[in-house]
Amino acid sequence: MTSFSFGNPSGSLFALSKAGPEPAPSTTEKPENKPLPLFPAAQPKLESQWRDVEWTEEQKTSLMKTVSSYRPSCEEVPQARVLLLGPVGSGKSSFISSVQSVFNGKVTNRAMVGSSSTSFTKKLQSFNIHGQKKEDPTGLVLCDVMGLGDGEMIGLTLYDILSIIKGHVPEGHKFSPDQPVTSDTVGYLKRPTLKDKIHCVAFVVDASKILTYPKGLTTTFQQLREHISDLGVHQVALLTHVDQICSETAKDVTQVYKSRIIRDTMSKAATLLGMSISYIIPVKNYSSELDLDENTDVLLLSAVDHILQSIPVLS
């Protein structure tokens, strides 16, 4: 079985490894994966937005209607399932809670959030996004799963990830490194239908850690993306915590596309992930805030709209 590991042959997901002789143990200490200092040296902002975004109440309302009215193209698939994948602490669960907050009209925390060093999410959990009327769910489901491990921390195996995408893994399944998903797993779907499968993968990376992620993560992401592409599943990416690398954006989120450091960090994220920058969207999640902010809502909804546009025609 092919698995991912980083400095640990146990199978945690950080660098793709295959059967073969084990390398000699390293005598050097592994550098800590620390976020960038708050804040990096200020850079002159761009004169105009390099992506066109309208920061208005009308735009927020329009995006909410777009998400609320979305339905998959196939009648057999009532909801498109999007899997969020990323390192521990990248902001996957926070993104889900933030999107739910926008539609709830208040800051909520339905998707439990862990710390920057440990993954709170251990199970496969699917979250409905309820539209403006807060009654029937929209045609979008965001799927959360444990973060990719680092070093001694345990993460997902490649086999487990592909099993999720193929629709074999039951809702609520708790992942364990010494018990990978098999056909004997309780609730295992042997013949998943299209509605059980993942229809789009959204990679999530932390802007404040782009320069300090382990070097092997680049290979991990690129090889993981190849396996996912072989399944015909489209992929996008979210760059979270952009307010932690740009003081101007921290004060005013409308400056996100005028920030040189955010644009440069998005380019570095594109290199890390092995994808075009056009597939990457910057995001500011709700964390310590008690009230919603219209501009933060627009940025979050723009990310959801980007994901919806990336979901292929299902048939």
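Here's what I pulled together on the structure shown here. (Residues numbered from 1 in each chain as written. Predicted model: local features only at pLDDT ≥ 70, side-chain atom pairs only at ≥ 80, totals over all residues. Heavy atoms only, no water.)

### Overview of a negative patch on the surface
A surface patch of like charges, here negative, comprises Asp52, Glu54, Glu57, Glu58, Asp293 and Glu294. When you line up the elements, Glu57 lands in helix α1 (residues 57-69). Looking at Glu57, the relative accessible area reads 52%, which means it is exposed. (Patch = residues over 30% accessible without salt bridge, like charges linked within 9 Å, V, L, I, M, F, W, Y side chains within 5 Å. Areas by Shrake-Rupley, 256 points an atom, 1.4 Å probe, with all protein chains shown as cover. Salt bridge = Lys/Arg side-chain N within 4 Å of Asp/Glu carboxyl O. Lys, Arg positive; Asp, Glu negative; His and termini not counted. Charge placed at Lys NZ, Arg CZ, Asp CG, Glu CD. Helix = DSSP H or I, 4+ residues; strand = E, 2+ residues; numbered from the N terminus. Buried < 20%, exposed > 50% of the residue type's maximum accessible area, 1.4 Å probe, protein only.)

### Looking at the pattern of salt bridges
A complete count under the given rule lists 4 salt bridges for this structure. Asp196 serves as the salt-bridge partner of Lys195, at 3.5 Å between the closest nitrogen and oxygen. What makes Lys195 partly exposed here is its relative accessible area of 41%. Judged by its relative accessible area of 21%, Asp196 is partly exposed. A salt bridge links Glu289 to Lys284; its shortest N-O distance comes to 2.6 Å.

### Here's the deal with the pairing of strand β6 (residues 200-206)
Buried residues dominate β6, accounting for 7 of its 7 residues. Taking every second residue as pointing to the same face, both faces of β6 are buried, with Cys200, Ala202, Val204 and Asp206 on one and Val201, Phe203 and Val205 on the other. Where the polypeptide runs from β6 across helix α4 (residues 216-230) and back to strand β7 (residues 234-240), its parallel neighbour, the crossover connection is right-handed. (Right-handed = clockwise from strand over helix to strand, strands pointing away.)

### Some thoughts on the environment of Thr56
Among the secondary structure elements, Thr56 is positioned in the loop between β2 (16-17) and α1. A sequence separation of 238 residues divides Thr56 from Glu294, and the C-alpha atoms of the two residues are 7.7 Å apart. Once you skip the residues sitting within four places of it in the chain, Thr56 turns out to touch Glu294 and Val298. Here the side chain of Thr56 touches Gln59 through a polar contact of 3.0 Å, landing on its backbone nitrogen. (Contact = heavy atoms within 4.5 Å. Polar contact = N/O pair within 3.5 Å; in protein donor to acceptor, adjacent residues only side chain to side chain.)

### Notes on the sheet that holds β6
Across the sheet, which stays open at both edges, the 6 strands sit in the order β4-β5-β3-β6-β7-β8 with mixed pairing between neighbours. Each having just a single partner strand, β4 (125-130) and β8 (280-282) make up the two edges of the open sheet. Ignoring strand direction, the axes of neighbouring strands in this sheet form an average angle of 25°. For β7 and β8, the ladder comprises 3 bridges, and the chain directions are parallel. By the bridge assignment for β8, Leu238 is matched with Ile281. (Pairing = 2+ DSSP bridges. Axes fitted to C-alpha atoms, helices over the stretch in contact; angles between N-to-C directions.)

### Side note on the side chain of Asp297
For Asp297, the position within the fold is in helix α7 (residues 294-310). Here Tyr286 takes part through its side chain, which lies 2.5 Å from a polar atom of the side chain of Asp297. Once residues lying within four places of it in the same chain are set aside, the contact partners of Asp297 are Lys60, Val102, Tyr286 and Leu292.

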